[in-house]
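Each chain is listed here by its residues.
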Amino acid sequence: MAEAETPKRSPEIRKDRIHNRWVLFSPARSRRPSDFKAKSNPQPNNQRECPFCAGHEHECAPEIFRVPEDSTNDWKIRVIQNLYPAVSRELDFQNTPGTVVGDVAVNGFGFHDVVIESPAHSVNLSDLFPAQVGEVLLASKKRIEQLRNCDSIKYVQVFKNHGASAGASMSHSHSQIIALPIVPPTVSARLDSMTEYFQQTGKCSLCDIQPNELLIDESAHFISLVPFAATFAFEIWIIPRDHSSHFHEIDSEKAIDLGGLLKLMLLKMSLQLNNPPFNLLIHTSPFQDDHLPSTHWFIQIAPHLSGVGGFEIATGCYINPVFPEDAAKILREVRISN
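Residues numbered from 1 in each chain as written. Predicted model: local features only at pLDDT ≥ 70, side-chain atom pairs only at ≥ 80, totals over all residues. Heavy atoms only, no water.

Going by an unreviewed UniProt entry, the protein carries the name Galactose-1-phosphate uridyl transferase N-terminal domain-containing protein and comes from Anisodus tanguticus.

Now the structure itself:
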């Protein structure tokens, strides 16, 4: 018996009120949403000589701390300096000039660290127990709090690249932290957009979200959903229920709760989309943030299911072939066996 065809939907252009940008939804450019799968995603082939594995600690850049602190060969998590940093902690900090005309350059001061999420090479973040995922999140929190003590640091970005095409150069599960003496323009645009919404409505734009058919799942302290104007097909956001501007304000109870929901989202995405390459991003606020009533931190998981073309580069307006409501329904229905 032939399967009934999915009703055709017309293209839509939706406004992402969080980032103040437009997304074009064009379902005619894809197969059925349920057929969306990642192509083969080989991990970087460096398993034989992996400095992130237990027993190879001496091959890494200097360690900042480990969990547990007094562990030797039985560590669970290590936070180390990046051996190939994008910015340098060795440089003298230079203030960015104020109002200037023309090109501006200052030295590349900052911090670039790596969070090794497990001593075992074959263990992914989604393989850990919820409490263990929570410990990884708390390790990032601890490092951010350390970086707050550097007066020149204004913004910290935590991110995870999974898969070679998503930017991962090491297959051993890890995330990264980059601390900058500037607030990047995309972050500033997000803060300004959220502030504008607050000024117009008196509400935080994330607190005001009504998930409805965009909801995937929820826990005691967090909800997971596909955003209304998702930039990427099957993009997932995890949002704290309670208003909070800074990720580093998370406590142990909420970190474990978040660990469970994050693990579930990664498993659902992996099963439905054939373990796609993805970026996991923690969107928080700058340390000196005067937008506190309007800014709200959240996690974004962006699968890489298609490339970025000339239209996206030229306009900043992405084309998403899967409507968020369809993606959310499919992800809701993915069953995870215990």
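Next comes the rest of the account.
Enquirer: Explain the side chain of glutamate 312 to me, please; I cannot follow it from the model alone.
Expert: Take glutamate 312: it is sitting in helix 4 (residues 310-315). Classification of glutamate 312 as buried rests on a relative accessible area of 10%. A polar side-chain atom of glutamate 312 sits 3.4 Å from the main-chain amide nitrogen of isoleucine 319. (Helix = DSSP H or I, 4+ residues; strand = E, 2+ residues; numbered from the N terminus. Buried < 20%, exposed > 50% of the residue type's maximum accessible area, 1.4 Å probe, protein only. Polar contact = N/O pair within 3.5 Å; in protein donor to acceptor, adjacent residues only side chain to side chain.)

Enquirer: Before we go on, may I ask you to explain the sheet that holds strand 4 (residues 77-81) in this structure?
Expert: Across a sheet, paired strands are connected by hydrogen bonds in the backbone, their directions being either parallel or antiparallel. Strand order in the open sheet formed by 10 strands is 3-4-5-7-6-11-12-10-9-8, and the pairing between neighbours is antiparallel. Here the strands that pair on one side only, and so sit at the sheet edges, are strand 3 (63-67) and strand 8 (215-218). Geometrically, the sheet is characterised by an average inter-axis angle of 20° between neighbouring strands, direction not taken into account. Of the strand pairs in this sheet, strand 11 (residues 278-283) and strand 12 (residues 298-303) are connected by 6 bridges, and their pairing is antiparallel. (Pairing = 2+ DSSP bridges. Axes fitted to C-alpha atoms, helices over the stretch in contact; angles between N-to-C directions.)

Enquirer: Please clarify how the packing of aromatic side chains should be interpreted in this entry.
Expert: Following the criterion strictly, the structure yields 7 aromatic pairs and no others. Geometrically, the ring pair formed by phenylalanine 93 and phenylalanine 109 is edge-to-face, given 5.7 Å between the ring centres and 65° between the ring planes. One end of the pair, phenylalanine 93, is in the loop between strand 4 and strand 5 (111-116); the other, phenylalanine 109, is in the loop between strand 4 and strand 5, and 16 residues separate them in sequence. An aromatic cluster is built from Phe93, Phe109 and Phe111, whose rings are joined through pairwise contacts. Lying over the aromatic face of tryptophan 75, arginine 78 brings its terminal NZ or CZ to 5.7 Å of the ring centre. (Phe/Tyr/Trp six-rings, centres within 6.5 Å; stacked < 30°, edge-to-face > 60°. Lys NZ or Arg CZ within 6 Å of the ring centre and 35° of its normal.)

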